[in-house]
Amino acid sequence: MFQAAKQTKLQKSDSAHIVSVDNGSASYRLSLYDQPPLYDVTVEEFETSALDRLRILAEIESSAARNRSWDETKQVTMTQCGKYLPLNSNSALGIDVLEERRKDQLGHFVLRLAFCRSEELRRRFIRAETTLFRIRFETDDSNERRAFLDSKDFNWISVGAEEKERYKEQLKHFISSKTDLDGAFQSEAFYKVKWTTIPDLVEKRKVFLKGGYAYVPAREQASIIYSAFEERLEAALRATSRAIPLVDEDMRLNPILDNLAQGFIAGIPSDWVASAEATGEGITADMVDSLAKQHFPLCMRVLHQSLRKDHHLKHFGRLHYGLFLKVLGLSIDEAIAFWRKSFAGGPGSDKFDKEYRYNIRHSFGLEGRRMNYPAKNCLQLHSVHEAGCPYRQLESSPENLQSALLSSYSAQGLTINDLPEIIAQVKKKSYHVACTRVFEITHARSVRKGEGLSDGESVTHPNQYAARSIELEKETKDPKMKVDNGV
């Protein structure tokens, strides 16, 4: 089982420090994660290390859902790893590689706790983790990769010269050289493994089978390693699932683990919000209509259209839309003006001040507990029944979802021919992938298919969608801004 439930002490203090470190697990950039963390961590570190890793895994799953090529998937993953989970080789200068590996190890083992709870979650976690391992394997320093392989037992048997010569005629079929076949055969090493451990090579007929063993040429050695990683992780997850009640006793961890388990559905919101609010660019109440038509994601467009049609929104609709507009740059005075105007024909001035003005000021942190509430991200909107994510709420009514998409985005280039691809992602419950694809289609002049918001990143927050859309419009009007931003 993941022993961090017992061996990692979760301190309430914010000043918890490393007590002991298993240096063997940090010797190489690559890891089979066969040793659990053995140091104290805070609850905050427990969560943030897992969230940063889950950002990477969610983007890997998004790449699979969007049918990205292997090269595209690798590039997107490496870019996201550079932002959230850097992991350098031992030869890197001026970098604390031990700290990077400490975070990598901790995040992996925390996610084991979150994703061990069902067969479906285990399957998705194994697939994403194996992809991440493969990308790191392919991009690792060759000398360090060899040292890593030499330090592990992958249950393969080197084929000796006599055995190799005995099956020469069969093995020669798996040599890539077309010119000097005999010379290439002599230089090629072969390994024996149980054929059941490498079904991909067996299926593609890339190995010679004899007596229950597969004879694998050295150039296909990576498949043995990937299969071993997958097999060991699956066994570890099953062991963890049997011992998960021990973790459930800690009430601080359950909400964190439940939230992490939802990460594949909506992706993990990035840290972009703080930088967006720091731009200082405000909007006025009169600008909201035009912004909604050009830049809002479907969830906020639906709320805006309902507000314009009915001159009213229910409580959670007002809450979610109000916080979205606040983060977008609507000041408190403009927010009061916007909502007063939107409710025209509804409550009088006195009733508006009595029933709505306080709540608006409260959301800005000016009343009550005086907290400056953030806007809801996609993951949070997926969990609510009122004014939540339309892709999720209309999943069982594809006709209504298609009508909503066409009415909202046909003026921006979305056509009926685009709908099957979007609906297919919704049926897979990849709601944020569907939303990202809508963004790409409606911003086709600036964004290529598969590029997402930028660098392949998917939509994980309504404000992230709107902010990037507004930014692209500014870049179109002012090409110099594109250069200045390093785009």
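Residues numbered from 1 in each chain as written. Predicted model: local features only at pLDDT ≥ 70, side-chain atom pairs only at ≥ 80, totals over all residues. Heavy atoms only, no water.

1. Structural notes on the pattern of salt bridges
Enumeration according to the criterion identifies 36 salt bridges in this entry. A salt bridge links E138 to R134; its shortest N-O distance comes to 3.2 Å. In this pair, E138 and R134 are both assigned in helix α5 (residues 119-139), four residues apart and thus about one turn of the helix distant. What makes E138 partly exposed here is its relative accessible area of 30%. Residue classification places R134 among the partly exposed positions, given a relative accessible area of 31%. (Salt bridge = Lys/Arg side-chain N within 4 Å of Asp/Glu carboxyl O. Helix = DSSP H or I, 4+ residues; strand = E, 2+ residues; numbered from the N terminus. Buried < 20%, exposed > 50% of the residue type's maximum accessible area, 1.4 Å probe, protein only.)

2. Remarks on the packing of aromatic side chains
Throughout the structure, instances matching the rule amount to 23 aromatic pairs. Geometrically, the ring pair formed by Y321 and F338 is edge-to-face, given 6.2 Å between the ring centres and 65 degrees between the ring planes. Here the residue Y321 occupies a position in helix α17 (residues 315-328), and F338 occupies one in helix α18 (residues 332-342), the gap between them amounting to 17 residues. Of the two residues examined, Y321 and F338, each falls in the buried class. When the centroid spacing of 5.8 Å and the interplanar angle of 50 degrees are considered together, the rings of W339 and F343 count as tilted. (Phe/Tyr/Trp six-rings, centres within 6.5 Å; stacked < 30°, edge-to-face > 60°.)

3. What about unusual backbone geometry?
Most peptide bonds adopt trans geometry, and most residues besides glycine take a negative phi value. Its identity as a non-glycine residue notwithstanding, H311 has a phi of 55 degrees, on the positive side. The residue H311 is located in the loop between α16 (298-310) and α17 in this model. The partly exposed category is assigned to H311, whose relative accessible area is 37%. Even without glycine at this site, A387 takes up a positive phi of about 60 degrees. For A387, the location among the structural elements is in the loop between α20 (378-382) and α21 (390-393). For A387, a relative accessible area of 18% translates into the label buried.

4. Section: the state of the cysteines
Two cysteines whose sulfur atoms are joined by a covalent bond form what is called a disulfide. For the structure on display, the rule yields zero disulfides. Looking at the unpaired C389, the closest cysteine sulfur is the one in C299, lying at 6.7 Å. (Disulfide = S-S within 2.5 Å.)

5. A look at helix α4 (residues 97-115)
Spanning 19 residues, α4 covers 27 Å between terminal C-alpha atoms, matching the ideal 27 Å at 1.5 Å per step. Among the 19 residues in α4, 16 count as buried, and that is most of the element. (Expected span 1.5 Å × (residues − 1).)

6. A look at the environment of H461
Tracing the sequence through the fold places H461 in the loop between α24 (431-442) and α25 (462-477). When its relative accessible area of 5% is taken as the criterion, H461 is described as buried. When the C-alpha atoms of H461 and N377 are compared, they prove to be 4.4 Å apart, with 84 residues separating the residues in sequence. Here the side chain of H461 touches A375 through a polar contact of 3.4 Å, landing on its backbone oxygen. (Polar contact = N/O pair within 3.5 Å; in protein donor to acceptor, adjacent residues only side chain to side chain.)

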